[in-house]
Amino acid sequence: ILDLGCGTGIATKIIATKLDYQSLFALDLADNLLQIARNKLPLAGSFILGDYDNLPINKNCINLCLANMSLHWSKNLTKTLSCLYSSLV
């Protein structure tokens, strides 16, 4: 599971408690928001400081991607969506 723009981890926490998963990645541009998310979900997954235009995600490794009110922060939405598409299993 990949949560793009996880912010403080509100949606990430809901997903982590409702779904079974092998790996959970939460990505955000703001380190201070990632720290809040880490505190909410200390064992839930990997927290990545980064942006959508340079996603550090391997191909064919994501089954579910969510982006709650965050894709508008992409500087190149076409590139972001292409990268996400190639990351989906």
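Placed above this text is the structure.
Definitions and cut-offs
Residues numbered from 1 in each chain as written. Predicted model: local features only at pLDDT ≥ 70, side-chain atom pairs only at ≥ 80, totals over all residues. Heavy atoms only, no water. Helix = DSSP H or I, 4+ residues; strand = E, 2+ residues; numbered from the N terminus. Rg over C-alpha atoms; globule rule 2.2 N^0.38 Å. Buried < 20%, exposed > 50% of the residue type's maximum accessible area, 1.4 Å probe, protein only. Lys, Arg positive; Asp, Glu negative; His and termini not counted. Charge placed at Lys NZ, Arg CZ, Asp CG, Glu CD. Pairing = 2+ DSSP bridges. Disulfide = S-S within 2.5 Å. Salt bridge = Lys/Arg side-chain N within 4 Å of Asp/Glu carboxyl O. Core = buried A, V, L, I, M, F, W, Y, C linked by side-chain atoms within 4.5 Å. Contact = heavy atoms within 4.5 Å. Right-handed = clockwise from strand over helix to strand, strands pointing away.

### Looking at the overall build of the chain
Counting secondary structure elements, the chain contains three helices and four strands. Going residue by residue from the N terminus, the α and β elements of the chain occur as β-α-β-α-β-β-α. Its C-alpha atoms give the chain a radius of gyration of 12 Å, within 12% of the compact-globule value 12 Å for 89 residues. Burial analysis of the chain (89 residues in total) assigns 37% to the buried set. One finds the centroid of the 7 positive side-chain charges in the chain at a distance of 2 Å from the centroid of its 6 negative side-chain charges.

### Description of the sheet that holds strand β3 (residues 46-49)
Within the open sheet, the four strands sit side by side as β3-β2-β1-β4. Their pairing is parallel. With one partner strand each, in any of the chains shown, β3 and β4 (65-66) form the two edges of the open sheet.

### What about the state of the cysteines?
In protein structure, a disulfide is the covalent linkage between the sulfur atoms of two cysteines. Under the defined criterion, the tally for this structure stands at zero disulfides. Its sulfur unpaired, Cys 6 is 12 Å from the next cysteine sulfur, which belongs to Cys 65. Left without a disulfide partner, Cys 83 is nearest to the cysteine sulfur of Cys 61, which lies 9.2 Å away. The exposure class of Cys 83 is partly exposed, given its relative accessible area of 22%.

### A short note on the pattern of salt bridges
This structure, assessed with the given rule, holds one salt bridge. Residue Arg 38 is joined to Asp 31 by a salt bridge in which the shortest nitrogen-to-oxygen separation is 4.0 Å. Of the residues examined, Arg 38 reaches a relative accessible area of 27% and is grouped as partly exposed.

### Remarks on the nonpolar core
If you look at the biggest cluster of nonpolar residues, it comprises 11 residues: Ile 1, Cys 6, Ile 15, Ala 16, Leu 24, Ala 26, Leu 34, Ala 37, Leu 41, Phe 47 and Leu 66. For this core, the secondary structure elements donating two or more residues are α1 (10-18) and α2 (31-40). Not counting chain neighbours up to four residues away, the residues in contact with Leu 66 comprise Ile 1, Leu 2, Asp 3, Leu 4, Ala 11 and Ile 15. Grouped together as the second largest cluster of nonpolar side chains are nine residues, Leu 27, Tyr 52, Ile 62 and Leu 84 included.

### Regarding the pairing of strand β2 (residues 25-28)
Where strand β1 (residues 2-4) meets β2, three bridges bridge the pair, whose relative direction is parallel. Each bridged residue has a counterpart across the sheet, and for Asp 3 the counterpart in β2 is Ala 26. Each parallel crossover has a hand, and the one from β1 via α1 to β2 is right-handed. Judged from the four bridges that link them, β2 and β3 form a sheet pairing that is parallel. For Asp 28, the partnering residue across the bridge sits in β3 and is Leu 49.

Everything listed is a geometric property; what it means functionally is a separate question.
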